[in-house]
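This is what each chain is made of:
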Amino acid sequence: MRPKMELNETYKWQVELDDSTVINRDDYVKDKSLCKNLNYDSITKVSLVPQVEVLPEHTIFIDKQKGEKFIKGFGRGFKKNRGMGFKLENYVHCIVTNKYKFWVFCRGSSLVTNTDYEVYI
Amino acid sequence: MAATVQVHEMSATSTGVDKTSSTVRFKSADENTVDNNNRLQIPGAGTIYSYTKQLRLNVTIAPDTDVDNFVVYTDGNNGFGTGVGIQYDLSGSFPAQIDTNISGSDLFGLVVGTPGDMSAVNTGPYTGTGYKGDFIRMQMTIASTASPGTLTGETLTLAYDET
(Lines give C-alpha, C1' and ligand atoms only; values in the text may rest on other atoms or scores of the structure.)
Protein backbone atom coordinates (compact mmCIF):
# COMPACT_ATOMS: atom_id res chain seq x y z
CA MET A 1 0.00 0.00 0.00
CA ARG A 2 1.36 3.38 -0.98
CA PRO A 3 1.99 5.69 1.99
CA LYS A 4 -0.22 8.75 2.21
CA MET A 5 1.25 11.75 0.43
CA GLU A 6 1.19 15.11 2.17
CA LEU A 7 -0.28 18.03 0.25
CA ASN A 8 3.10 19.78 0.12
CA GLU A 9 4.59 16.78 -1.67
CA THR A 10 2.19 16.50 -4.64
CA TYR A 11 4.50 18.65 -6.77
CA LYS A 12 8.28 19.07 -6.96
CA TRP A 13 10.03 21.93 -8.69
CA GLN A 14 12.49 21.66 -11.56
CA VAL A 15 14.41 24.36 -13.43
CA GLU A 16 16.28 24.31 -16.72
CA LEU A 17 19.15 26.68 -17.38
CA ASP A 18 20.22 28.29 -20.63
CA ASP A 19 22.99 25.69 -21.00
CA SER A 20 20.32 22.93 -20.80
CA THR A 21 21.33 21.91 -17.29
CA VAL A 22 18.33 20.65 -15.31
CA ILE A 23 18.18 20.96 -11.52
CA ASN A 24 15.30 19.55 -9.53
CA ARG A 25 14.30 19.60 -5.90
CA ASP A 26 15.80 16.20 -5.15
CA ASP A 27 19.15 17.31 -6.61
CA TYR A 28 19.02 20.41 -4.40
CA VAL A 29 18.21 18.46 -1.25
CA LYS A 30 21.25 16.22 -1.86
CA ASP A 31 23.56 19.12 -2.63
CA LYS A 32 22.42 22.57 -1.58
CA SER A 33 25.47 24.19 -3.11
CA LEU A 34 23.82 23.65 -6.51
CA CYS A 35 21.68 26.75 -6.02
CA LYS A 36 24.05 28.72 -3.81
CA ASN A 37 25.76 30.56 -6.65
CA LEU A 38 23.07 30.00 -9.23
CA ASN A 39 22.49 32.94 -11.54
CA TYR A 40 18.73 33.19 -11.68
CA ASP A 41 18.99 35.05 -14.98
CA SER A 42 20.17 31.79 -16.55
CA ILE A 43 16.87 30.04 -15.78
CA THR A 44 14.84 29.51 -18.95
CA LYS A 45 12.17 27.10 -17.81
CA VAL A 46 10.50 26.32 -14.47
CA SER A 47 8.36 23.24 -14.01
CA LEU A 48 6.23 21.86 -11.22
CA VAL A 49 6.35 18.11 -11.75
CA PRO A 50 3.47 16.11 -10.27
CA GLN A 51 4.23 13.24 -7.90
CA VAL A 52 0.70 11.89 -8.34
CA GLU A 53 -0.12 10.40 -11.73
CA VAL A 54 -3.46 12.10 -12.26
CA LEU A 55 -2.15 15.62 -11.72
CA PRO A 56 -0.97 17.74 -14.68
CA GLU A 57 2.56 19.07 -15.03
CA HIS A 58 2.88 22.86 -15.11
CA THR A 59 5.74 24.57 -16.95
CA ILE A 60 6.49 28.20 -17.59
CA PHE A 61 9.07 29.42 -20.11
CA ILE A 62 10.96 32.54 -19.14
CA ASP A 63 10.71 34.84 -22.17
CA LYS A 64 13.98 36.70 -21.96
CA GLN A 65 13.30 38.56 -25.21
CA LYS A 66 10.44 40.31 -23.47
CA GLY A 67 12.58 41.05 -20.44
CA GLU A 68 11.08 38.34 -18.29
CA LYS A 69 13.13 37.08 -15.33
CA PHE A 70 12.69 34.38 -12.73
CA ILE A 71 12.67 35.90 -9.23
CA LYS A 72 11.92 33.05 -6.83
CA GLY A 73 9.72 30.07 -6.04
CA PHE A 74 8.02 29.18 -2.78
CA GLY A 75 5.25 27.10 -1.30
CA ARG A 76 2.48 28.28 1.02
CA GLY A 77 0.77 25.97 3.51
CA PHE A 78 -2.58 26.55 5.18
CA LYS A 79 -3.22 24.92 8.54
CA LYS A 80 -6.89 25.09 9.54
CA ASN A 81 -8.69 23.98 12.66
CA ARG A 82 -12.36 23.26 12.04
CA GLY A 83 -12.79 21.52 15.38
CA MET A 84 -10.77 18.39 14.66
CA GLY A 85 -7.29 19.83 15.03
CA PHE A 86 -5.05 21.87 12.80
CA LYS A 87 -4.70 20.07 9.48
CA LEU A 88 -2.71 21.05 6.40
CA GLU A 89 -5.85 21.69 4.35
CA ASN A 90 -4.31 23.28 1.34
CA TYR A 91 -0.96 24.04 -0.20
CA VAL A 92 -0.05 26.22 -3.14
CA HIS A 93 3.22 26.54 -5.05
CA CYS A 94 4.18 29.90 -6.51
CA ILE A 95 6.65 30.78 -9.27
CA VAL A 96 7.45 34.47 -9.15
CA THR A 97 8.77 36.34 -12.18
CA ASN A 98 9.17 40.07 -12.68
CA LYS A 99 6.02 40.05 -14.85
CA TYR A 100 3.56 37.79 -12.99
CA LYS A 101 3.08 35.14 -10.34
CA PHE A 102 2.11 31.62 -11.37
CA TRP A 103 0.26 29.68 -8.69
CA VAL A 104 -0.22 25.93 -8.75
CA PHE A 105 -2.56 24.37 -6.23
CA CYS A 106 -1.77 20.98 -4.71
CA ARG A 107 -4.74 19.39 -6.51
CA GLY A 108 -3.57 20.51 -9.95
CA SER A 109 -5.30 23.76 -10.82
CA SER A 110 -3.37 26.95 -11.58
CA LEU A 111 -3.73 30.71 -11.50
CA VAL A 112 -1.77 33.60 -13.01
CA THR A 113 -1.80 36.91 -11.17
CA ASN A 114 -0.09 40.27 -11.06
CA THR A 115 3.16 40.35 -9.12
CA ASP A 116 1.57 42.21 -6.20
CA TYR A 117 -1.24 39.67 -5.77
CA GLU A 118 -1.26 37.16 -2.93
CA VAL A 119 -3.23 33.94 -2.63
CA TYR A 120 -4.67 33.07 0.75
CA ILE A 121 -7.26 30.35 1.06
CA MET B 1 9.77 22.39 0.04
CA ALA B 2 8.70 19.69 2.49
CA ALA B 3 8.66 21.17 5.95
CA THR B 4 6.29 19.81 8.55
CA VAL B 5 4.81 22.65 10.55
CA GLN B 6 2.63 21.97 13.56
CA VAL B 7 0.40 24.35 15.52
CA HIS B 8 1.04 24.06 19.23
CA GLU B 9 -1.25 25.16 22.04
CA MET B 10 0.43 26.41 25.19
CA SER B 11 -1.02 26.31 28.64
CA ALA B 12 0.83 27.06 31.89
CA THR B 13 4.26 26.92 30.27
CA SER B 14 5.75 27.80 26.92
CA THR B 15 6.05 24.12 25.95
CA GLY B 16 2.95 23.29 24.03
CA VAL B 17 1.07 20.32 22.61
CA ASP B 18 0.48 19.58 18.97
CA LYS B 19 -3.14 20.39 18.10
CA THR B 20 -3.63 17.92 15.25
CA SER B 21 -6.68 16.13 16.57
CA SER B 22 -8.84 18.44 18.62
CA THR B 23 -10.18 21.94 18.99
CA VAL B 24 -8.87 24.79 21.12
CA ARG B 25 -11.40 25.00 23.93
CA PHE B 26 -11.63 28.09 26.12
CA LYS B 27 -12.20 27.21 29.77
CA SER B 28 -12.15 28.68 33.25
CA ALA B 29 -9.01 26.65 34.02
CA ASP B 30 -5.52 26.83 32.56
CA GLU B 31 -5.40 23.53 30.69
CA ASN B 32 -5.69 22.24 27.13
CA THR B 33 -7.88 19.19 27.77
CA VAL B 34 -10.93 19.22 25.51
CA ASP B 35 -13.78 18.16 27.80
CA ASN B 36 -16.82 19.60 29.55
CA ASN B 37 -15.01 20.46 32.76
CA ASN B 38 -14.34 24.04 33.87
CA ARG B 39 -16.97 25.52 31.60
CA LEU B 40 -17.37 29.27 31.38
CA GLN B 41 -20.35 30.59 33.36
CA ILE B 42 -22.52 33.38 31.96
CA PRO B 43 -22.32 36.26 34.45
CA GLY B 44 -25.38 37.98 35.89
CA ALA B 45 -23.88 41.28 34.87
CA GLY B 46 -20.73 42.49 33.20
CA THR B 47 -18.25 40.25 31.39
CA ILE B 48 -16.11 37.29 32.40
CA TYR B 49 -12.97 36.09 30.69
CA SER B 50 -11.63 32.64 29.95
CA TYR B 51 -8.10 31.59 30.71
CA THR B 52 -5.93 32.65 27.82
CA LYS B 53 -4.82 30.26 25.12
CA GLN B 54 -1.63 30.69 23.16
CA LEU B 55 -0.69 29.20 19.84
CA ARG B 56 2.71 29.07 18.19
CA LEU B 57 4.11 27.29 15.13
CA ASN B 58 6.55 24.44 15.63
CA VAL B 59 8.65 23.10 12.74
CA THR B 60 9.24 19.39 13.25
CA ILE B 61 10.73 18.57 9.84
CA ALA B 62 13.00 21.31 8.55
CA PRO B 63 12.31 22.95 5.18
CA ASP B 64 14.71 22.54 2.28
CA THR B 65 15.79 26.15 2.82
CA ASP B 66 13.60 28.13 5.22
CA VAL B 67 10.08 29.01 6.32
CA ASP B 68 8.75 32.54 6.80
CA ASN B 69 5.76 34.86 6.60
CA PHE B 70 3.65 33.35 9.38
CA VAL B 71 0.13 34.80 9.42
CA VAL B 72 -3.11 34.02 11.22
CA TYR B 73 -6.70 34.85 10.23
CA THR B 74 -10.35 33.90 10.53
CA ASP B 75 -13.30 34.05 8.14
CA GLY B 76 -14.28 37.37 9.67
CA ASN B 77 -17.62 36.17 11.01
CA ASN B 78 -18.18 35.57 14.73
CA GLY B 79 -20.77 32.79 14.80
CA PHE B 80 -20.77 32.40 18.57
CA GLY B 81 -23.83 34.54 19.05
CA THR B 82 -24.68 37.52 21.20
CA GLY B 83 -22.38 38.28 24.09
CA VAL B 84 -19.57 35.90 23.13
CA GLY B 85 -16.33 37.07 21.60
CA ILE B 86 -12.64 36.26 21.29
CA GLN B 87 -9.96 38.86 21.75
CA TYR B 88 -6.30 38.42 20.93
CA ASP B 89 -2.87 39.94 21.03
CA LEU B 90 0.45 39.00 19.43
CA SER B 91 3.81 38.96 21.14
CA GLY B 92 7.31 37.65 20.75
CA SER B 93 7.49 35.98 24.14
CA PHE B 94 5.29 33.79 26.30
CA PRO B 95 3.29 35.80 28.87
CA ALA B 96 1.76 33.95 31.81
CA GLN B 97 -1.74 32.61 31.24
CA ILE B 98 -4.41 34.71 32.97
CA ASP B 99 -8.17 34.85 33.31
CA THR B 100 -8.39 38.62 33.64
CA ASN B 101 -9.04 40.94 30.74
CA ILE B 102 -6.14 41.08 28.28
CA SER B 103 -7.80 44.10 26.56
CA GLY B 104 -7.02 42.64 23.17
CA SER B 105 -8.43 43.17 19.70
CA ASP B 106 -11.31 41.29 18.11
CA LEU B 107 -9.96 38.01 16.68
CA PHE B 108 -12.56 38.11 13.90
CA GLY B 109 -11.00 41.33 12.69
CA LEU B 110 -8.16 39.19 11.40
CA VAL B 111 -9.14 38.22 7.88
CA VAL B 112 -7.37 37.26 4.66
CA GLY B 113 -6.85 40.89 3.66
CA THR B 114 -5.56 41.94 7.08
CA PRO B 115 -4.12 38.88 8.80
CA GLY B 116 -2.18 38.86 12.04
CA ASP B 117 1.57 38.82 11.55
CA MET B 118 3.18 36.03 13.55
CA SER B 119 6.68 36.89 12.29
CA ALA B 120 6.70 40.49 13.51
CA VAL B 121 8.91 40.19 16.62
CA ASN B 122 10.78 36.90 16.17
CA THR B 123 11.43 37.62 12.52
CA GLY B 124 12.26 35.07 9.87
CA PRO B 125 13.32 33.47 7.69
CA TYR B 126 13.59 30.45 9.96
CA THR B 127 15.74 27.40 9.38
CA GLY B 128 15.95 24.10 11.15
CA THR B 129 13.37 22.76 13.59
CA GLY B 130 11.69 23.98 16.75
CA TYR B 131 9.37 26.79 17.78
CA LYS B 132 9.49 29.69 15.35
CA GLY B 133 7.86 33.07 15.11
CA ASP B 134 5.55 34.76 17.57
CA PHE B 135 2.73 33.81 19.92
CA ILE B 136 -0.93 34.56 19.39
CA ARG B 137 -2.71 34.85 22.71
CA MET B 138 -6.49 34.51 22.68
CA GLN B 139 -9.20 34.87 25.28
CA MET B 140 -12.92 34.25 25.15
CA THR B 141 -15.20 36.93 26.58
CA ILE B 142 -18.68 36.11 27.92
CA ALA B 143 -21.14 38.91 28.60
CA SER B 144 -24.36 38.64 30.58
CA THR B 145 -26.28 38.76 27.28
CA ALA B 146 -24.88 35.40 26.12
CA SER B 147 -27.06 32.31 25.81
CA PRO B 148 -26.22 28.99 27.45
CA GLY B 149 -25.16 25.92 25.51
CA THR B 150 -22.28 24.39 23.57
CA LEU B 151 -20.88 26.66 20.90
CA THR B 152 -20.17 25.55 17.35
CA GLY B 153 -16.48 25.88 16.62
CA GLU B 154 -15.00 28.58 14.44
CA THR B 155 -12.18 28.06 11.94
CA LEU B 156 -8.78 29.58 12.54
CA THR B 157 -6.11 29.51 9.81
CA LEU B 158 -2.35 29.73 10.23
CA ALA B 159 -0.39 30.03 7.02
CA TYR B 160 3.34 29.91 6.29
CA ASP B 161 5.67 30.15 3.30
CA GLU B 162 8.56 27.80 2.66
CA THR B 163 11.40 27.52 0.16
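Residues numbered from 1 in each chain as written. Chains lettered and ligands numbered in written order. Predicted model: local features only at pLDDT ≥ 70, side-chain atom pairs only at ≥ 80, totals over all residues. Heavy atoms only, no water.

Draft legend 1. Representation of the overall build of chain A in the model. When its secondary structure is counted, chain A shows 1 helix and 8 strands. Mapped in sequence order, the helices and strands of chain A form the string β-β-α-β-β-β-β-β-β. Overall, the C-alpha framework of chain A stretches about 50 × 35 × 25 Å when taken along its three principal axes. With 121 residues in all, chain A has 45% of them scored as buried. (Helix = DSSP H or I, 4+ residues; strand = E, 2+ residues; numbered from the N terminus. Buried < 20%, exposed > 50% of the residue type's maximum accessible area, 1.4 Å probe, protein only.)

Draft legend 2. Representation of the overall build of chain B. Looking only at helices and strands, chain B has 0 helices and 10 strands in total. Along chain B, from the amino end to the carboxyl end, the secondary structure elements read β-β-β-β-β-β-β-β-β-β. In terms of overall size, chain B behaves like a compact globule, its C-alpha atoms giving a radius of gyration of 16 Å where 163 residues would be expected to give roughly 15 Å. On the principal axes, the C-alpha backbone points of chain B span a range of 55 × 30 × 25 Å. Put simply, chain B has 163 residues, and 44% of those count as buried. Taking the intrachain contacts of chain B between residues at least 6 apart in sequence as the baseline, contacts between residues at least 24 apart amount to 77%. With an accessible surface of roughly 6,900 Å², chain B has 47% of that area assigned to carbon and sulfur atoms. (Rg over C-alpha atoms; globule rule 2.2 N^0.38 Å. Contact = heavy atoms within 4.5 Å. Areas by Shrake-Rupley, 256 points an atom, 1.4 Å probe, with all protein chains shown as cover.)

Draft legend 3. Region of interest: the confidence of the model for chain B. Across chain B, the average pLDDT comes to 94, with 98% of residues at 70 or higher. Prediction confidence for the complex, expressed as pTM and ipTM, is 0.94 and 0.93 respectively. (pLDDT = per-residue confidence, 0-100.)

Draft legend 4. View of the pattern of salt bridges. Under the definition given, this model contains 13 salt bridges over all chains. Between lysine 12 of chain A and aspartate 26 of chain A there is a salt bridge, with the nearest N and O atoms lying 3.2 Å from each other. On the criterion of sequence distance, the pair formed by lysine 12 of chain A in strand β1 (residues 11-17) and aspartate 26 of chain A in helix α1 (residues 25-30) is long-range, its members being 14 residues apart. Taken together, the salt bridges that share partners define one network made up of Arg76, Lys101 and Glu118 of chain A together with Asp161 of chain B. (Salt bridge = Lys/Arg side-chain N within 4 Å of Asp/Glu carboxyl O.)

Draft legend 5. Just the packing of aromatic side chains, in detail. One pass over the structure, following the stated rule, counts 8 aromatic pairs over all chains. Between phenylalanine 74 of chain A and tryptophan 103 of chain A, the aromatic rings sit 6.0 Å apart at their centres with planes inclined by 90°, giving edge-to-face as the arrangement. Of the two residues, phenylalanine 74 of chain A is situated in strand β5 (residues 70-81) and tryptophan 103 of chain A in strand β7 (residues 101-105); the sequence distance between them amounts to 29 residues. Judged by relative accessible area, which is 5%, phenylalanine 74 of chain A ranks as buried. Ring pairing ties together the aromatic residues Phe78 and Tyr120 of chain A together with Tyr73 of chain B, which thus form one cluster. (Phe/Tyr/Trp six-rings, centres within 6.5 Å; stacked < 30°, edge-to-face > 60°.)

Draft legend 6. Spatial organisation of the interface of chain A and chain B. Listed as interface residues are 27 residues of chain A and, on the opposing side, 30 residues of chain B. Carbon and sulfur atoms supply 47% of the area buried between chain A and chain B, which totals about 2,300 Å² over both sides. The largest share of the area that chain A buries against chain B comes from Lys79, Phe86 and Tyr120 of chain A, three residues that together contribute 31% of it. Taken together, the connections running from chain A to chain B amount to 2 salt bridges. Put simply, aspartate 64 of chain B and arginine 25 of chain A hold a salt bridge, and the shortest N to O gap is 2.7 Å. (Buried area = accessible area lost by both parts, 1.4 Å probe.)

Draft legend 7. Seen up close, the sheet that holds strand β8 (residues 110-113) of chain A. The 7 strands are arranged β8(A)-β7(A)-β6(A)-β5(A)-β10(B)-β5(B)-β8(B) in an open sheet whose pairing can be described as antiparallel. The open sheet has two free edges, formed respectively by β8 of chain A together with β8 (116-117) of chain B, since each of these has just one partner strand. Note: β5 of chain A against strand β6 (residues 86-97) of chain A, 11 bridges, orientation antiparallel. Its bridge partner being in β6 of chain A, phenylalanine 74 of chain A is matched across the sheet by cysteine 94 of chain A. (Pairing = 2+ DSSP bridges.)

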